Every structure is written in structure tokens, then in C-alpha cells.
Amino acid sequence: MSMESKSDEGWDHIDFKREIELGERIGGGGVGVIYKGWFKNQPVALKTLFDARVGEDLKKEYMDELLVMSKVKHSNIVEFMGACMVAPNWCFVMELCDTSLFNALHQHREQFSDGEKIQMAVDIGSAMEYLHSLQPAIIHRDLKSHNVLRAKDGRLKVCDFGLVQVRNPQAGTPAYMAPELLEGKGFNKSVDVYAFAVLFNEILEADIPFNGAQVVDIRERVVRGDRPLSSPAHMPSPQCNTIITRGW
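Residues numbered from 1 in each chain as written. Predicted model: local features only at pLDDT ≥ 70, side-chain atom pairs only at ≥ 80, totals over all residues. Heavy atoms only, no water.

1. Topic: the sheet that holds strand 8 (residues 99-100)
Paired through backbone hydrogen bonds, the strands of a sheet run either parallel or antiparallel to each other.
Then, in step 1: With antiparallel pairing, 3 strands are arranged side by side in an open sheet as 8-9-10. Edge positions in the open sheet fall to strand 8 and strand 10 (156-158), since each of these has one partner strand only.
Then, in step 2: Judged from the 2 bridges that link them, strand 8 and strand 9 (residues 148-150) form a sheet pairing that is antiparallel. Across the sheet, serine 100 pairs through a bridge with leucine 149, a residue of strand 9.
Then, in step 3: Together, strand 9 and strand 10 form the strand contacts of helix 4 (residues 114-133), whose direction differs from that of strand 10 by roughly 30°. (Pairing = 2+ DSSP bridges. Helix = DSSP H or I, 4+ residues; strand = E, 2+ residues; numbered from the N terminus. Contact = heavy atoms within 4.5 Å. Axes fitted to C-alpha atoms, helices over the stretch in contact; angles between N-to-C directions.)

Structure, rendered in C-alpha cells:
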């Protein structure tokens, strides 16, 4: 018997003890640890917040991400299935994907055709176009290869909406942050466009942006106009180079 019910925000309440089987840890970062698990006999990913010592700020960030994920639905965004918000088993349940784009590019060093690389950009761009089309627009603010997952069917899906509601303009991953974020200034949707350009270049070059550079060096270089290396020799077409350079 399902123990689900709807929250006031419209997402499904899931009874952790009755409906969830917890498996191995598969990742973590931000405010939660991610486990593989099973929900209704289906493999899923569980983003958990088990530590009772977590402060109110982190709990708020966790709830903010939950509320964003429960409102978005797109074929290139990780599917949200519901959540348990009963201590100590706070978690939300998402579709289980195969791996991150970061792992595919840099850990496993998979080889992709030009067409596959362009399709990756189309997948990510479609998700971002959708987020920016909402009223009000959702600005992701942490678009990077770690936060793009590959689904079972090969499609790329954007995940991790933990920074959408965070007010601190300097929160994020420096290598993908636009100059205005690195300087702590006001920002808009264009910071996601910048991050998309960095990520598209990363896909084509198969090289980690600003690899090995210190945060202070990245900040100084980006603010004065430096960008990750972009080699036309690696571009499938001149249009790709145009998209990247316009984006950043």
C-alpha cells in the first residue's frame, strides 16, 4: 500500500521506512549525500540530509532545492518523484542516471563524435531554455559538468538546483562563474549563458576549464577578460566557436 500524499506545494510525500530501500552511497556535495536506492521496486537516486547537526541555513537550502525540483518538468532535467521530510530521514527521490558528464569526459575519458558532442549541447541548452522561460525565470547558477547527468537512454539531464534561491552572489564554482558573480555584483539569466559556453567548450575540448588554477587566479583572469582556451581545431563547425565566444 502506498503511503504517499500531496504536500501543499504539490509534491508527493514518501514514507521512507515503508517505501524506500537504501543502497550504496554514489555521490555527495552541497547539502546532501546521494545514495542509490529503490522506490516501488524501481532504482532511484536519493538525496539525503541525515545529519541532525545540520544548521537551519543548510536545511533551508535543501528545502529551496526541493521546491524548485518539484516545480520543473522537462526531458532534459532529472525527474523528481517525491520526498520524505520526516526527521531523521530527510531525502528526496529522483530518477537514477548512469553517470555525470564530468565522469564521462574526464574520469572515463569516453570518446564522442562531433554529432554526439553537439547533441550534448542541445540537451543542456534545451533544459536551460526551459528554466529561463518560466515565470519567474529559474537561474541555475551552478551549471557545470558535475551537475549534468547521463540518463539510461543516453540523454543528458541537468540536476542540482541548490543555488537557485541562495542570495550570496559569490556562491558557485569559480571556473564556470561569470565575471559579475566573481565580483559579487548583481546578476541575471546571462550568468547561465556564460556557464553554458564554458561547458560547451569543455565538451568539445575534453579539458577541465581552468584546470589546476587557484580560485584567486581564476577570479583575476576572468574579470580581466580571460576565458578557458578554445581551439578552433576542435570545433565541429565555425558556428560552435561563435556560440561559445558570444556566450562568454
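2. A word on unusual backbone geometry
Most peptide bonds take the trans form, and the phi angle of most residues other than glycine is negative.
Then, in step 1: Cis geometry is found at the peptide bond from glutamine 135 to proline 136, where omega equals -5°.
Then, in step 2: Here proline 136 is to be found in the loop between helix 4 and strand 9.
Then, in step 3: Positioned with a positive phi, aspartate 160 is a non-glycine residue whose angle comes to about 65°.
Then, in step 4: Among the structural elements, aspartate 160 can be located in the loop between strand 10 and helix 5 (179-182).
Then, in step 5: Even without being a glycine, alanine 206 presents a positive backbone phi close to 55°.
Then, in step 6: Here alanine 206 is to be found in the loop between helix 6 (190-205) and helix 7 (215-223).
Then, in step 7: Of the residues examined, alanine 206 reaches a relative accessible area of 39% and is grouped as partly exposed. (Buried < 20%, exposed > 50% of the residue type's maximum accessible area, 1.4 Å probe, protein only.)

3. Overview of the packing of aromatic side chains
Then, in step 1: This model, assessed by the stated rule, comprises 2 aromatic pairs.
Then, in step 2: Both rings, one in phenylalanine 80 and one in phenylalanine 92, keep their centres 6.1 Å apart while their planes meet at 55°; by these two values the pair is tilted. Of the two residues, phenylalanine 80 sits in strand 6 (residues 80-84) while phenylalanine 92 sits in strand 7 (residues 90-95), which places them 12 residues apart along the sequence.
Then, in step 3: The class of phenylalanine 80 is buried, set by a relative accessible area of 14%.
Then, in step 4: Each ring, one from phenylalanine 196 and one from phenylalanine 200, has its centre 6.0 Å from the other, and the planes form 40°; the classification is tilted. Of this pair, phenylalanine 196 and phenylalanine 200 both sit in helix 6, 4 residues apart, which is roughly one turn of the helix.
Then, in step 5: You can call phenylalanine 196 buried: its relative accessible area is 17%.
Then, in step 6: Here phenylalanine 200 falls in the buried class, since its relative accessible area comes to 4%. (Phe/Tyr/Trp six-rings, centres within 6.5 Å; stacked < 30°, edge-to-face > 60°.)

4. Some thoughts on the nonpolar core
Then, in step 1: Ranked by size, the top nonpolar core spans 73 residues in total, and within it Phe92, Val93, Leu101, Ile124, Leu131, Leu143 and Phe161 carry the most contacts.
Then, in step 2: By residue number, the principal contributor to this core is helix 6, which donates 10 residues.
Then, in step 3: Contacts of phenylalanine 92, omitting those with residues within four sequence positions, involve Ala45, Leu46, Lys47, Tyr62, Glu65, Leu66, Met69, Phe80, Gly82 and Ala83. (Core = buried A, V, L, I, M, F, W, Y, C linked by side-chain atoms within 4.5 Å.)

5. Some points on the packing of helix 4 against helix 6
Then, in step 1: Closest axis-to-axis distance for the helix 4/helix 6 pair is 10 Å, and the angle between their directions is 165°. Relative to helix 6, the element helix 4 is oriented roughly antiparallel. Read as a crossing pair, helix 4 and helix 6 show a hand that is right-handed. Seen from helix 4, the contacting residues are Lys117, Met120, Ala121, Ile124, Gly125, Met128 and His132; seen from helix 6, they are Asp192, Phe196, Leu199, Phe200, Ile203 and Leu204. (Parallel < 35°, antiparallel > 145°, perpendicular 65-115°, else oblique. Left-handed = near helix turned anticlockwise from the far one by under 90°.)

6. Focus: the packing of helix 6 against helix 8 (residues 238-247)
Relative placement of two packed helices is described by the angle separating their axes and the distance separating the axes.
Then, in step 1: Closest axis-to-axis distance for the helix 6/helix 8 pair is 8 Å, and the angle between their directions is 140°. Of the two possible hands of crossing, helix 6 and helix 8 adopt the one that is left-handed. Mapping the contact onto sequence places Val193, Tyr194, Phe196, Ala197, Phe200, Asn201 and Leu204 in helix 6 and Cys240, Ile243, Ile244 and Gly247 in helix 8.
Then, in step 2: In the contact of helix 6 with helix 8, the residues fall into 9 nonpolar, 2 polar and no charged. (Nonpolar A, V, L, I, M, F, W, Y, C, P; charged D, E, K, R; others polar.)

7. With respect to helix 2 (residues 56-71)
Then, in step 1: Helix length check: helix 2 (16 residues) gives 23 Å between terminal C-alpha atoms against 22 Å at 1.5 Å per residue, within 8%.
Then, in step 2: Among all positions in helix 2, only Tyr62, Asp64, Glu65, Leu66, Val68 and Met69 are buried.
Then, in step 3: Buried residues along helix 2 sit in contact with strand 5 (42-49), strand 6 and strand 7. (Expected span 1.5 Å × (residues − 1).)

8. Details of the pattern of salt bridges
Then, in step 1: Counting across every chain of the model gives 10 salt bridges.
Then, in step 2: Across the salt bridge formed by aspartate 98 and lysine 152, the nearest N and O atoms sit 2.9 Å from each other. Placement of aspartate 98 in the loop between strand 7 and strand 8 and of lysine 152 in the loop between strand 9 and strand 10 is noted, with a sequence separation of 54 residues between them.
Then, in step 3: A relative accessible area of 44% means that aspartate 98 is categorised as partly exposed.
Then, in step 4: In this structure lysine 152 comes out as exposed when scored by relative accessible area, which is 56%. (Salt bridge = Lys/Arg side-chain N within 4 Å of Asp/Glu carboxyl O.)

Interpretation note: all reported values are geometric properties and have no functional meaning in isolation.
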